[in-house]
Structures are given as C-alpha cells and as structure tokens.
Amino acid sequence: MGPHPAVAAIRLAVRRVLHDILTELNKTVGAPAATAATPSITPSNAPSGTTTVERTPERPPSPLVLVACSGGADSMALASALAFEAPRLGLRAGGVTVDHGLQTGSDLRAEEVVLRLRELGLDPVESTAVSVGRAGGPEAAARDARYAALDAAAARHGAAAVLLGHTRDDQAETVLLGLARGSGIRSLSGMAAVSGAGGRYRRPFLQVDRQTARKACMVQSLPVWDDPHNADPAYTRSRLRHEGLPALEKALGKGVVEALARTAQLSRDDADALDTWARQAEAGVRDATGVLECAGLYALPPAVRRRILRRAAIEAGAPAGALFARHIEEVDRLITGWRGQGAINLPGKVVARRQGGRLVIRQG
C-alpha cells in the first residue's frame, strides 16, 4: 500500500525539483569522479609479486540541499519530503531555521525545530538568530533578515539550493497584495518557482495547497508550530488570509485560490516575454555614447518603454525596492508628454531630465 495521497503529493513535488537541481548540476560540473581503487603497472624495481595500487582522488561529497523550516505545517511537510527523496537521488539534505527574535521564547522554538529536523534524518541542521530592522515595515524587514540569514547559511555549507515552503495559497495572497498596490504585471506574477542568485531558492509547493501540506504532517504524526503572527490582524497578509480570501470565495465561489495562482503563472510568462523584448530593444534606442534617444523610446509600446526606463534608473543608482510605478510614469511623460517640464527626482538621488531629444538619467 502506497503513502497517503497528501504525502505522495508533497514527495512528488519535491522529487521534481530535486531532479531539476541534479540536471543543472550535471550540466555545470559534469559527472562526479569515481572512487574505486585502480591497479597500476608494478615498477621494475618492486619486489616480485608486489602490486601497487593508486587511488583516484576521493569523490567530493554529494550535493547538499537545505530546507528553510519555521516549524509550521508547510515547511515541516517540505522537510519530511526532502528527507525522504534526497537520499534516493544521491543528495544530502539539511535544514535551517531562522530565529527572528520577535516573540518571547523564539529561541526555544528554534531549538525544537532543530531537533525535529534531526529526527527526520537531516544533516547538517542549524538555527540562526537575526536582528530584524524596520525598513519597509515589519513584514518586509523580517523577510529581508531571513533571506540574508539563508544566503549566509547556504554559502557556509556550500548548498546547491534552498527549498522554501510557499504554497499555492501563499501565491494567491501574493497576487492579491500586488493587485491592491496597483502594481504592474511583474508584481502580479507572484513568487517565482526559482529565484535568488544562481537559482538558489526553489519553491516546490507552489502547486500544492496549504491543506495538503497540513494533512501530510498529520498523517505522518509530525508536530507543527502555528506562528501567532499568521493570525494577527495587525499584519496585512494575515487579514487577507483570514478575512479577504474567505470573503472572495463566499462571493465568487470555490476555486479563487487556484485561479489566482494560475494568473500568477500567466502573468509571469507575459512579464518574462516583455523583459526579453525590452532588453533586445534597448540597444536600438541608445545613441553612440549610450544615452537614450527620446524618439526611439516614443516608438516603442508603453510596456516595453517603461521597462527600459526602469532598468536605466536602477543602473543609475535608484534602489529597485523604492522605485515605484508612479516614478516611472513621471519619467515616461518626459517622452510622451514633453512640454518643457523640469527634471524628475527619483529615489537614490537619481535625476531624469530631457536634453536635446535625449533622456539623461544619472545621480545628482
């Protein structure tokens, strides 16, 4: 008799991602060296009957994949699936839990998670404490601190990838948050299945719903920790999870989460295509000195033109996280609604101005 359907679903999702990681590793570094001892020719001055044996260099350790685990149902289900699948594919499995220090006893919770991961057979396992700042609000600050800690852990252990437990429900929430901000198509594309430097972060559960992950933990008797912040109405995502999405499902019927997740994938495909178009078109709208030409920009579709403007602003020093749609719209008016207006001030002390039919974007 096979595993419970919920367990089978999470294992299949992880298996697919691990196969992708192995495929990419094989393309990058090739097959690992053999470890078997190989006989060599006996030197002429060696005693009769002597056989010398040379050993090839020892095979490097198997690639390591880490799971970021808070102790919640989603990440514990992910950790259990990784612990099951990784050895079967010749991979090592480890885990990291991040102590944000935002709640009393968070250090004890982190220690418990470490013990649970070790009981699953993961190695190495560690807890890392972070200091959460205030930039961008509490949720963004905690996220920034968490990813910095995960980056450091991955580098320290030489991990090939870090698995994150975001589910289809998380994806739907992310799409709605982007929609509420009036963001563009890139924001509506939600979380990528692969992200981070070199594709470090992988999200196997973006097609798995939260209830399946919780069910997988229950049938495997895995204890889980429910973060009280997830039910705190002070946090926007919490209100959306417990009030917004249920209201949408009541008004529109079941299937809202699946539809939003599907929207994220379609939006990501479109955004990727437009980004590629913008990169290809950019060379054609710069003069011999590399300055953007307004006439060439004007001829481009708005979605392509604004991507070029955003890239130019970031290259000039504007922080990507502080550069909003309204900033790019103002710069775009220098192209499409030119009436002699003055320079546009952007984040990072970057200034955009139109000069003699050219758009100059630079600091100061």
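Residues numbered from 1 in each chain as written. Predicted model: local features only at pLDDT ≥ 70, side-chain atom pairs only at ≥ 80, totals over all residues. Heavy atoms only, no water.

1. What about the pattern of salt bridges?
Now for step 1: Under the definition given, this model contains 24 salt bridges.
Now for step 2: Between Glu173 and Arg237 there is a salt bridge, and its shortest N-O distance comes to 3.2 Å. Of the two residues, Glu173 sits in helix α5 (residues 168-180) while Arg237 sits in helix α8 (residues 236-252), which places them 64 residues apart along the sequence.
Now for step 3: A relative accessible area of 0% places Glu173 in the buried class.
Now for step 4: For Arg237, a relative accessible area of 25% corresponds to the partly exposed category.
Now for step 5: Residues Arg286 and Glu282 are paired through a salt bridge, measuring 2.7 Å at the closest nitrogen-oxygen approach.
Now for step 6: Using a relative accessible area of 25% as the deciding quantity, one classes Arg286 as partly exposed.
Now for step 7: Classification of Glu282 as buried rests on a relative accessible area of 7%.
Now for step 8: One salt-bridge network, in which partners are shared between bridges, spans Asp170, Glu173, Arg210, Arg237 and Arg241. (Salt bridge = Lys/Arg side-chain N within 4 Å of Asp/Glu carboxyl O. Helix = DSSP H or I, 4+ residues; strand = E, 2+ residues; numbered from the N terminus. Buried < 20%, exposed > 50% of the residue type's maximum accessible area, 1.4 Å probe, protein only.)

2. Quick look at the layout of surface pockets
Now for step 1: Each pocket or cavity is described by its volume, and for the second largest pocket that value is around 420 Å³.
Now for step 2: Lining of the second largest pocket is provided by 22 residues; of these, Ala193, Arg203, Pro204, Leu206 and Gln207 occupy positions nearest its centre.
Now for step 3: Every element with two or more residues in the lining of the second largest pocket is listed here: α1 (5-29) and α9 (256-282).
Now for step 4: Looking at the lining of the second largest pocket element by element, the count peaks at 6 residues for α1.
Now for step 5: By residue class, the composition of the lining of the second largest pocket is 13 nonpolar, 4 polar and 5 charged. (1 Å grid on protein atoms, 1.4 Å probe; cavity = no way out; pocket = protein on both sides within 12 Å on 5 of 7 lines; lining within 4 Å. Points joined across faces, edges and corners; volume = space filled by probe spheres on them. Nonpolar A, V, L, I, M, F, W, Y, C, P; charged D, E, K, R; others polar.)

3. So, helix α11 (residues 302-316)
Side chains three or four residues apart in an α-helix point the same way, a direct result of the helix having 3.6 residues per turn.
Now for step 1: Compared with an ideal rise of 1.5 Å per residue, which puts 15 residues at 21 Å, α11 spans 21 Å between its outermost C-alpha atoms and is within 8% of the ideal.
Now for step 2: Of the residues flanking the end of α11, it is Gly317, one or two places downstream, whose phi is positive at about 120°. (Expected span 1.5 Å × (residues − 1).)

4. Side note on the side chain of Ser106
Now for step 1: By the secondary structure assignment, Ser106 is in helix α3 (residues 106-119).
Now for step 2: Here the side chain of Ser106 touches Asp99 through a polar contact of 2.6 Å, side chain to side chain.
Now for step 3: Discounting residues that sit within four places of it in the chain, Ser106 has contacts with Asp99 and Gly101. (Polar contact = N/O pair within 3.5 Å; in protein donor to acceptor, adjacent residues only side chain to side chain. Contact = heavy atoms within 4.5 Å.)

5. Considering the sheet that holds strand β12 (residues 358-363)
Now for step 1: What the 4 strands build is an open sheet, ordered β9-β12-β11-β10; its pairing is antiparallel. The two strands at the open ends of the sheet, each matched to only one other strand, are β9 (292-293) and β10 (344-346).
Now for step 2: Summarising the sheet, strand β11 (residues 350-355) and β12 pair through 6 bridges and their orientation is antiparallel. Paired with Val350 across the strands is Gln363, a residue of β12.
Now for step 3: Packed on one face of the sheet, α11 meets β9, β10, β11 and β12 and runs near 35° to β12. (Pairing = 2+ DSSP bridges. Axes fitted to C-alpha atoms, helices over the stretch in contact; angles between N-to-C directions.)

6. Considering the pairing of strand β4 (residues 92-99)
Now for step 1: A large share of β4 lies buried, amounting to 7 of its 8 residues.
Now for step 2: As paired elements, strand β3 (residues 64-68) and β4 share 5 bridges and run parallel to each other. If you follow Leu64 over to β4, its bridge partner there is Arg92.
Now for step 3: Following the chain from β3 across helix α2 (residues 73-85) to the adjacent parallel β4, one finds a crossover that is right-handed.
Now for step 4: Note: β4 against strand β5 (residues 125-129), 5 bridges, orientation parallel. Residue pairing for β5: Val96 is matched across the bridge by Glu126. (Right-handed = clockwise from strand over helix to strand, strands pointing away.)

7. Let's talk about the packing of aromatic side chains
Now for step 1: Within this structure, the stated rule accounts for 1 aromatic pair.
Now for step 2: Between the NZ or CZ atom of Arg11 and the centre of the ring of Phe84, over which it lies, the distance is 3.5 Å. (Phe/Tyr/Trp six-rings, centres within 6.5 Å; stacked < 30°, edge-to-face > 60°. Lys NZ or Arg CZ within 6 Å of the ring centre and 35° of its normal.)

8. Some words on the sheet that holds strand β8 (residues 201-202)
Now for step 1: Here we have 6 strands laid out as an open sheet, ordered β5-β4-β3-β6-β8-β7, and mixed in their pairing. Strand pairing shows two members of the sheet lacking a second neighbour, β5 and β7 (194-195), which therefore form its edges.
Now for step 2: The strands touched by α2 within the sheet are β3, β4 and β6 (161-163), with β3 carrying the most contacts at an inclination of about 160°.
Now for step 3: Packing of α3 onto the sheet brings it into contact with β4 and β5, and relative to β4 it is tilted by some 170°.

9. Focus: the side chain of Asp74
Now for step 1: With respect to the element layout, Asp74 can be found in helix α2.
Now for step 2: One buried charge, Asp74, has no salt-bridge partner; the nearest side chain with opposite charge is Arg210, at 4.1 Å.
Now for step 3: Not counting the four nearest positions on each side in its chain, Asp74 is found in contact with Gly165, Thr167, Asp170, Phe205, Arg210 and Ala213. (Lys, Arg positive; Asp, Glu negative; His and termini not counted.)

10. Focus: the pairing of β11
Now for step 1: Relative to β11, β10 runs antiparallel, the two being bridged by 3 bridges. For Leu346, the partnering residue across the bridge sits in β11 and is Val350.
Now for step 2: Connecting β10 to the next strand, β11, in antiparallel fashion are 3 residues, including Gly348 with a positive phi near 75°.
Now for step 3: Between β11 and β12, which pair antiparallel and follow one another directly, the connecting turn spans 2 residues, one of which, Gly356, has a positive phi of 55°.

Note that all results are geometric; they support no functional claim without further evidence.
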